[in-house]
Each structure stands twice: as structure tokens, then as C-alpha cells.
Amino acid sequence: MERRKLWLTCKAEDKFGAFQRDLEEDRKLGIEPACVDVDSGRDINPHIPQFITQTPWYVPAEGPTLKHQRPHWERQQEVDSGVHDWYSRGVKETSSKPVKFKPGSCDNCGATTHKRKDCFERPRKLGAKHTNDDIAADDYVQPKIRLTNWEAKRDRWNGYDNAAYSEVIKEHEKQEEVRKIIKDQKLKEEKAAAEAAKEKAENSADEGTDEKMGEDKGEGDEDDEDKYAEDADMQTSVDMDSRTRITVRNLRIREDTAKYLYNLNENAPYYDPKSRSMRENPLAGVKGKEQQAAKFSGENFVRYSGEVVAANEAQVFAWSARCQGIDVHALAEPTKLEQLQKDFKSEKKDVKEETKQKLLEKYGGDEHLQAPPKELLLAQSEAYVEYSRKGAIIKGEERPLIKSRFEEDVYVTIARGRI
């Protein structure tokens, strides 16, 4: 009897499974309507696989639904930070300064957000705990941002302040205004020059004047040719004709030895064929070739000799002046830059001397400036100390170590043996 019931049950399940399979095929072909989600009321795509549409056993559901495949916003942790969360900037104080000292606050300044050993204020002779005066406001505690989601961790512009780009826009607007002013001035100058040329042409209508102008023009062309010829000589030109001149730069004299032939050793300094430069001395340390080494000692010294250092300092000064709003360029206005640098150095020296004199007049101590150099004071001492070969002290006392007012050798939540 039991076998009969089990057989009937299996047969009914097989029929129901076959019915479900036929129903799914009909839904995919569009013969039967799609299944409806009991939670959202929308149709469920019949082409979605069964392992996705099937509801797990631990999710309560009254019918077919895809709720288990959607994110549950009510379960999101509030501690997780999003894309728009970032640290506050420029926040100095959280609220107004308190009037009364609170127990557990900093003994030095009175703030409740830190202790005395973590206080950044000047150590007072009598702390706020005893005087109850000038109690500092609480420090602003930045939020603990946890970038856990995918977007926040990969956001390239996280923490960017849009107001910072306004300075770039203002600078471009100023440049555009200056460009318009310069363009108007050029147009006025060109217009004035055209009017002057027109008046001059009307006044000089004589033939003799025209011939004289032609002679002057011919002389000017000859001077230009001579000038270009001189420049071409300095640049080692192949052809001196102005129409077919070809200028070749960086050609060496054929009697000179090439740089890469000075030292043919495999460990010789590197020669760059593209720039035709050998930075190191090829004959450095080679016996018997001291005279040749004196003729060519490499090209690295050019970067740190002569006026190269002064030129680099001038360039850095030009950049600094540009940041301060002074319109100066190291290549376009070298004379102006040199004068500004000279004035800046002289004013800096005067201000330094003036500040030094004021401090000496107020606090005194001019006699201490007449002491010997610090190198002599720190290197010499009357304390006699004798050491062994291993560095142990045989006679005398070891120099005491200077200790800080902060705690040292304190390892928080980390074992000392692991450090």
C-alpha cells in the first residue's frame, strides 16, 4: 500500500514538472503571459535562468519575486562613506570658547578633545586647570571616512574643491583683458604709422628723393647680407651664397680627436651620439694622460660652473615672483629680473639687520654674539673621557642623553619584539 502511494506521488510530481517545463517554454515563445513579481508588480523575464529566479529558503516570499536579487537599502551600514563624503577643510573651532574648566580636559589649555601630553599650545606657567582663564576651544575632530564601496574607492576627484578652479578662471580672464589692451595699442600704432607713411609719401614726390631712397635701400640689403654672412661664419656654413646657403651646426674641427676615441675601454664613460656629449671625463685616473685629461674633462662641469648656478637661482626667483603677482620672465626680461633680484637681496639684508638690532635692543645679549664660533665651542671640552678599542668607556663619564618631555619607547597595541 505504501509503495502504491509513493508511486502515485512520484508520478504526480513528474506530471507537474512536465507541466512547468511546458509552461516555461510557452512563456519564452510568448504564447503564455510572463510571470508577475508579487512585490513590485512587474513582469519577470522568462529568459532569466531558474537559479536566479528561484527564491532561497531563508528569504520569505508569497510568490514568484526577484526581491532577493535587488540591493537591500535598509541593511546598508551607516558608517560606510559615499562618493561625496570627505574631510572638512579650514575648520579651526567647533564652537565658542568655554568659560569654565571641565574635569578630564587638558591641564594646559582646557580643551576636552586632548590631554596635556598631546597639547600643541605653548606650555603655560600655570595651566588652565589652576587659573581657569583663557580656556581653549575644542579641536575639530575629523570624521572617520571608510571608503568601502566601489565608486568611492576609485573616484579620482574625491575631495576636490570646485572653488579652487576659480583662481585659474580669474587668471585667464586677466590674461584675456591684457591681450585685448595690447591688441588695441598695436592697432593704434599701426594706424598712426600708416598715416605717417602716407604723409611722408605725399611730401616726398620728387625723383631725387626716390633715387636716394633706392640707394639707401640697396646699402641696407648689402649690410644685411654681410650681417648674415658673419652669423653664418660663426655657425660653420657650407655655402656662403645667400640663396643656396646651408648651415650645419655642431661640427668639430677635423684635426681634433673625437670624444669617443679618447678612451676605448669597455668601462669608459658613456658617449651619447644623439647630443654628441660625453658627460664624464674619459681620461680620469688613466696614468700617463694627465695632459690630455686637462684638455677635455667631460661636459658635466658646465652644469655646475660659471654662471649656470646664478642663472638657475634667477629662474627660481622669477617663478617665486610670478606666484606673488609680479609679471617678470627670466628669458623675456632678464634685465628687469636681475634688477628685481638685486633689490630683493638688499631689502632682505636690511630687514634682517633691522630685526636683529630691534631684538638686541629689546632683550639684550649683544655680548653673547662676540663668542667664538660654535664649532670650537662644541668640539672642545674640559671633560676627559678615555675609550677602549671596542668603544667602551675606560675613564671618565659618558655624555648624558638629552631627554624629551614627551613619552619615549611607548608601543601602543604592538608588541615590542615585533618592531
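This is a predicted model, so every value here is computed, not measured. (Residues numbered from 1 in each chain as written. Predicted model: local features only at pLDDT ≥ 70, side-chain atom pairs only at ≥ 80, totals over all residues. Heavy atoms only, no water.)

Q: Let's hear about the overall build of the protein: which residues, and what values?
A: Summing up its helical and strand segments, the protein has ten helices and four strands in all. The secondary structure elements of the protein, listed N-terminal to C-terminal, are α-α-α-α-α-α-β-β-α-α-α-α-β-β. Looking at the protein residue by residue over its 419 residues, the buried ones come to 12%. In the form shown here, the protein has an accessible surface area of approximately 37,600 Å², with 52% of it arising from carbon and sulfur atoms. (Helix = DSSP H or I, 4+ residues; strand = E, 2+ residues; numbered from the N terminus. Buried < 20%, exposed > 50% of the residue type's maximum accessible area, 1.4 Å probe, protein only. Areas by Shrake-Rupley, 256 points an atom, 1.4 Å probe, with all protein chains shown as cover.)

Q: Provide a residue-level description of the nonpolar core, including the pertinent values.
A: Looking at soluble globular proteins, one finds that nonpolar side chains tend to be buried together. Grouped together as the largest cluster of nonpolar side chains are seven residues: Ala 314, Phe 317, Ala 318, Ala 321, Val 328, Ala 330 and Leu 337. Of all the elements, helix H8 (residues 308–323) adds the most residues to this core, at four residues. The contact partners of Leu 337, leaving out residues within four places of it in the chain, are Ala 314, Phe 317, Ala 318, Val 328 and Ala 330. (Core = buried A, V, L, I, M, F, W, Y, C linked by side-chain atoms within 4.5 Å. Contact = heavy atoms within 4.5 Å.)

Q: Tell me about the side chain of Asp 138, residues and numbers included.
A: Its location among the elements puts Asp 138 in the loop between helix H3 (128–131) and helix H4 (150–153). Despite its burial, Asp 138 pairs with no opposite charge, the nearest such side chain being Lys 102 at 5.5 Å. Separated by 2.9 Å, the side chains of Asp 138 and Thr 112 make a polar contact. (Lys, Arg positive; Asp, Glu negative; His and termini not counted. Salt bridge = Lys/Arg side-chain N within 4 Å of Asp/Glu carboxyl O. Polar contact = N/O pair within 3.5 Å; in protein donor to acceptor, adjacent residues only side chain to side chain.)

Q: Break down the packing of H8 against helix H9 (residues 334–363) for me, citing the residues and quoting the values.
A: Contact pair H8 / H9: the axes reach a minimum separation of 10 Å and the direction vectors enclose 85°. With respect to H9, the axis of H8 lies roughly perpendicular. For the pair formed by H8 and H9, the contact residues are Glu 313, Ala 314, Phe 317 and Ala 318 on the first element and Leu 337, Leu 340, Gln 341 and Phe 344 on the second. (Axes fitted to C-alpha atoms, helices over the stretch in contact; angles between N-to-C directions. Parallel < 35°, antiparallel > 145°, perpendicular 65-115°, else oblique.)

Q: Go over a negative patch on the surface, please, and point to the residues and values.
A: Together, Asp 343, Glu 347, Asp 350 and Glu 353 make up a negatively charged patch on the protein surface. Tracing the chain through its elements places Glu 353 in helix H9. For Glu 353, a relative accessible area of 41% gives the class partly exposed. (Patch = residues over 30% accessible without salt bridge, like charges linked within 9 Å, V, L, I, M, F, W, Y side chains within 5 Å. Charge placed at Lys NZ, Arg CZ, Asp CG, Glu CD.)

Q: Which residues make up unusual backbone geometry, and what are the values?
A: Despite not being glycine, Asn 132 shows a phi value in the positive range, around 60°. Within the secondary structure, Asn 132 is located in the loop between H3 and H4. Residue classification places Asn 132 among the partly exposed positions, given a relative accessible area of 33%. You will see that Asp 134, though not glycine, has its phi angle at about 50°, which is positive. Residue class for Asp 134 comes out exposed when judged on its relative accessible area of 55%.

Q: I'd like to hear about the pattern of salt bridges, residue by residue, with values.
A: Evaluated as defined, the whole model comprises six salt bridges. Between Lys 336 and Glu 333 there is a salt bridge, with the nearest N and O atoms lying 4.0 Å from each other. Using a relative accessible area of 39% as the deciding quantity, one classes Lys 336 as partly exposed.

Q: Account for the side chain of Ser 105, with residues named and values stated.
A: Turning to its location among the elements, Ser 105 is positioned in the loop between helix H2 (50–53) and H3. Excluding residues that lie within four positions of it along the chain, Ser 105 makes contacts with Gly 110, Ala 111, Thr 112 and His 114.

Q: Mind laying out a nonpolar patch on the surface, listing which residues take part and the relevant values?
A: Together, Trp 157, Tyr 160, Tyr 165, Val 168 and Ile 169 line one region of the surface with nonpolar side chains, adding up to about 510 Å² of accessible area. Among the structural elements, Trp 157 can be located in the loop between H4 and helix H5 (165–203).

Q: Go over the packing of aromatic side chains, please, and point to the residues and values.
A: Per the counting criterion, the structure on display carries four aromatic pairs. Note on Trp 57 and Tyr 58: the rings are 5.5 Å apart at their centroids and 90° apart in plane angle, and the pair reads as edge-to-face. Considered together, Trp 57 and Tyr 58 belong to a single accessibility category, that of exposed residues. Aromatic pair Trp 157 and Tyr 160: ring centres 5.3 Å apart, planes at 75°, arrangement edge-to-face. (Phe/Tyr/Trp six-rings, centres within 6.5 Å; stacked < 30°, edge-to-face > 60°.)

Q: Explain H8 to me, using residue names and the numbers behind them.
A: With 16 residues, H8 should reach 22 Å at 1.5 Å per residue; the first-to-last C-alpha distance of 23 Å fits that figure. By the burial criterion, the buried members of H8 are Ala 314, Phe 317, Ala 318 and Ala 321. Angularly, the buried residues of H8 cover 105° about the axis, an arc narrow enough to put them on a single face. With respect to the buried face of H8, the exposed residues turned more than 90 degrees away are Trp 319 and Cys 323. Contact partners of the buried residues in H8: H9. Directly beyond the C-terminal end of H8, a positive phi value near 100° is found at Gly 325. (Expected span 1.5 Å × (residues − 1). Arc of directions from axis to C-beta.)

Q: Kindly report on the environment of Asp 107, identifying the contributing residues and their values.
A: Position of Asp 107 among the secondary structure elements: in the loop between H2 and H3. C-alpha of Asp 107 to C-alpha of Pro 123: the two residues are 16 residues apart in sequence and 9.9 Å apart in space. Setting aside residues no more than four positions away along its own chain, Asp 107 makes contact with Phe 101, Arg 116, Gly 127, Ala 128 and Lys 129.

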